[in-house]
Amino acid sequence: MNYDDNNIFAKILRGEIPSHRVYEDADVVAFMDVMPQANGHTLVVPKAPSRNIMDADPTVLANTIGVVQKLAIATKKAFAADGVTIMQFNEAPAGQSVFHLHFHVIPRVDGLPLKSHTGGMEKPEILAANAEKIRAALQ
C-alpha cells in the first residue's frame, strides 16, 4: 500500500488544516482529536510519512513512542485520570481511517465509557482549553 500525502494528517502537518497542537519537536507533533472519545483525547503523529506501523522507519517509530509516553503522563495528570488508553490501528479492517501513522492517547476515568469516535466534532474552544491543560502538564 502506498502513502497518500494528501491525507488529513499530512495536511495538518503542513499547516493546511488548523489543529490544536499540544506538543511538537523535530520528529513528532501531538494535537487534539476533533472527535474525542474522552476529554483530553490526543493524537501523536510522526512528521515522516508512513502509512502505519508496518511501514514506519524504526527510528521514527522509536521517537514517536517516546512522545506517546510523554503525552500519556501529561494527559493523565492534566485530566486527573485514573488511567490512559493508547490505541494504534493498521489498515481499514483493523479500524484505521486516516492512513498516516498515529497513536491515540486517551485519559480514562474509572466508570466513564469512551464516547463514539464517529460523533460530531468538539467545539474549538473546548479543544483549545484541553490543549492548554496538556501543555501546562508538560511543563
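As the structure is a computational prediction, the values presented were derived from the model and not from experiment.

Q: Describe the pattern of salt bridges, naming the residues involved and giving the relevant values.
A: Considering all chains together, one arrives at 5 salt bridges under this definition. With a shortest N-O distance of 3.0 Å, arginine 21 and glutamate 24 are connected by a salt bridge. Assessed through its relative accessible area of 25%, arginine 21 is described here as partly exposed. With relative accessibility at 43%, the residue glutamate 24 sits in the partly exposed group. Two residues, glutamate 91 and arginine 51, come together in a salt bridge whose shortest N-O distance is 2.8 Å. Here glutamate 91 is found in the loop between strand 4 (83-87) and strand 5 (103-108), whereas its partner arginine 51 is found in the loop between strand 3 (42-46) and helix 2 (58-78), with 40 residues between them in sequence. Both residues of the pair, glutamate 91 and arginine 51, count as buried. What you see here is one network of salt bridges that share partners, running through Arg21, Glu24 and Lys47.

Q: So what's going on with the pairing of strand 3? Residues and values would help.
A: Burial analysis of strand 3 places 5 of its 5 residues in the buried class, which makes it a mostly covered element. Of the two faces of strand 3, the one carrying Thr42, Val44 and Pro46 and the one carrying Leu43 and Val45 are both buried. Sheet topology places strand 2 (residues 28-32) next to strand 3; 5 bridges connect them, and they run antiparallel. From the neighbouring strand, alanine 30 faces strand 3, where its bridge partner is valine 44. Sheet topology note: the strand 3/strand 5 ladder contains 3 bridges and is antiparallel. Opposite leucine 43, over in strand 5, you have histidine 104 as the bridge partner.

Q: Break down the side chain of asparagine 7 for me, with residues and values.
A: Within the element layout of this structure, asparagine 7 appears in the segment before helix 1 (8-13). Given a relative accessible area of 8%, asparagine 7 falls into the buried group. A polar contact is formed between the side chain of asparagine 7 and the side chain of tyrosine 3, at a distance of 3.2 Å. Among the polar contacts listed, one links the side chain of asparagine 7 to the backbone oxygen of aspartate 4, at a separation of 2.7 Å. With residues near it in sequence (within four places) discarded, asparagine 7 still touches Val98, Phe99 and His100.

About the cut-offs
- Residues numbered from 1 in each chain as written.
- Predicted model: local features only at pLDDT ≥ 70, side-chain atom pairs only at ≥ 80, totals over all residues.
- Heavy atoms only, no water.
- Salt bridge = Lys/Arg side-chain N within 4 Å of Asp/Glu carboxyl O.
- Buried < 20%, exposed > 50% of the residue type's maximum accessible area, 1.4 Å probe, protein only.
- Helix = DSSP H or I, 4+ residues; strand = E, 2+ residues; numbered from the N terminus.
- Pairing = 2+ DSSP bridges.
- Polar contact = N/O pair within 3.5 Å; in protein donor to acceptor, adjacent residues only side chain to side chain.
- Contact = heavy atoms within 4.5 Å.

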